[in-house]
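Descriptive analysis of the structure
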Amino acid sequence: MSRDAEVIVLARWADEVMEPLTQDDPERAWRGRFVPIAGHWGWEFGWALEFDKMHARTGLLKHLESLPWPHPHTVQVLLRDQDDDCFGLWMFQEGRLVEFAIPHTERIHQPAPPNEDFSPDPGRLRRTDQAAHPGRDIAAHAEVSRTLAIGRVRGCRISQLRRESVSPV
């Protein structure tokens with residue numbers, strides 16, 4: 001799997017915790033290094049990292065979870081895969097980083113891999129309040145096909161279907 005991803009870590013007073021993660025370290029399970037994000041006053045308030053392969057980030061959330069955060073209640077990890085519609089949000093809950101549900105989104109998972117030779121798929125975070133991207137979502141494709149079929153049955157043109165509310169037949 002070769003999905004790109006972006007990760008942003010936001011945390012108060014975490015410069016010392018994040019400093020080692022701004023350096024390359026071949027001993028870490030994940031590859032890469034964070035770049036500080038500074039505001040216009042020069043203070044660092046977050047760190048960003050881009051991955052060009054999914055396997056390069058294996059273990060990142062576990063690593064972040066294991067760090068001695070001075071204020072874990074302020075830690076927010078934003079992660080977006082190339083196929084996601086938006087960033088997902090992970091925060092500490094009972095000492096673990098867990099993904100928090102964002103209104104109007106859902107994570108869609110593929111079936112589990114056949115064996116442990118394959119990494120599990122992280123799924124895709126999809127917005128449910130936006131028009132779907134044709135070709136990226138099977139359910140949306142089916143809905144478009146159904147709408148067009150209803151239009152053919154009614155003898156409508158596509159421009160008429162856009163103007164009227166189409167209910168299931």
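Just above, that's the structure.
Here's a quick rundown of the structure. Note that the coordinates shown come from a computational prediction; the quantities given were computed from them, not determined experimentally.

**A word on the packing of aromatic side chains**
Applying the stated criterion across every chain yields a total of 2 aromatic pairs. Ring plane angle 75° and centroid distance 5.9 Å describe the contact between Trp30 and Phe34, whose orientation is recorded as edge-to-face. Ring centres 6.5 Å apart and planes at 85° place the aromatic pair Trp30 and Phe51 in the edge-to-face group. Taken together, the residues span a long stretch of sequence, with Trp30 in the loop between helix H1 (15-18) and strand S2 (35-38) and Phe51 in strand S3 (residues 44-51) at a distance of 21 residues. Assigned by exposure class, Trp30 and Phe51 land together as buried. Among the aromatic side chains, those forming a connected cluster through ring pairs are Trp30, Phe34 and Phe51. In this structure, Arg28 is placed above the aromatic ring of Trp30, and the distance from its NZ or CZ to the ring centre is 4.1 Å.

**Some words on the nonpolar core**
Ranked by size, the top nonpolar core spans 24 residues in total, and within it Val9, Phe34, Leu64 and Trp69 carry the most contacts. For this core, the secondary structure elements donating two or more residues are strand S1 (5-10), H1, S3, helix H2 (60-66), strand S4 (76-81) and strand S5 (88-93).

**Observations concerning the pattern of salt bridges**
All chains considered together, the criterion is met by 8 salt bridges. Between Glu6 and Arg80 there is a salt bridge, and its shortest N-O distance comes to 2.7 Å. With Glu6 in strand S1 and Arg80 in strand S4, this residue pair connects regions lying 74 residues apart in the sequence. For the salt bridge of Arg124 with Asp85, the shortest nitrogen-to-oxygen distance reads 3.7 Å. Linking Arg124 in strand S8 (residues 124-127) with Asp85 in the loop between S4 and S5, this pair joins segments that are 39 residues apart in sequence. In this structure Arg124 comes out as buried when scored by relative accessible area, which is 13%. Relative accessible area serves as the criterion here: at 25%, Asp85 is assigned to the partly exposed category. In this structure, a network of salt bridges that share partners links the residues Lys62, Glu65 and Arg96.

**Here we look at unusual backbone geometry**
Of note in the backbone geometry, Glu94 takes a positive phi value of approximately 55° without being a glycine. For Glu94, a relative accessible area of 80% puts it in the exposed group. Even without a glycine there, the phi angle at His104 is positive, about 70°. Looking at where His104 falls in the secondary structure, it is placed in the loop between strand S6 (96-100) and strand S7 (105-108). The exposure class of His104 is exposed, given its relative accessible area of 51%.

**Thoughts on the side chain of Arg126**
Relative to the helices and strands, Arg126 is located in strand S8. Taking relative accessible area as the criterion, Arg126 reaches 18% and is therefore assigned buried. Among the polar contacts listed, one links the side chain of Arg126 to the side chain of Glu106, at a separation of 2.6 Å.

**Notes on the environment of Ala29**
Topologically, Ala29 is positioned in the loop between H1 and S2. The spacing of Ala29 and Leu60 is 31 residues in sequence and 7.4 Å in space, taken between C-alpha atoms.

Cut-offs and rules
- Residues numbered from 1 in each chain as written.
- Predicted model: local features only at pLDDT ≥ 70, side-chain atom pairs only at ≥ 80, totals over all residues.
- Heavy atoms only, no water.
- Phe/Tyr/Trp six-rings, centres within 6.5 Å; stacked < 30°, edge-to-face > 60°.
- Helix = DSSP H or I, 4+ residues; strand = E, 2+ residues; numbered from the N terminus.
- Buried < 20%, exposed > 50% of the residue type's maximum accessible area, 1.4 Å probe, protein only.
- Lys NZ or Arg CZ within 6 Å of the ring centre and 35° of its normal.
- Core = buried A, V, L, I, M, F, W, Y, C linked by side-chain atoms within 4.5 Å.
- Salt bridge = Lys/Arg side-chain N within 4 Å of Asp/Glu carboxyl O.
- Polar contact = N/O pair within 3.5 Å; in protein donor to acceptor, adjacent residues only side chain to side chain.

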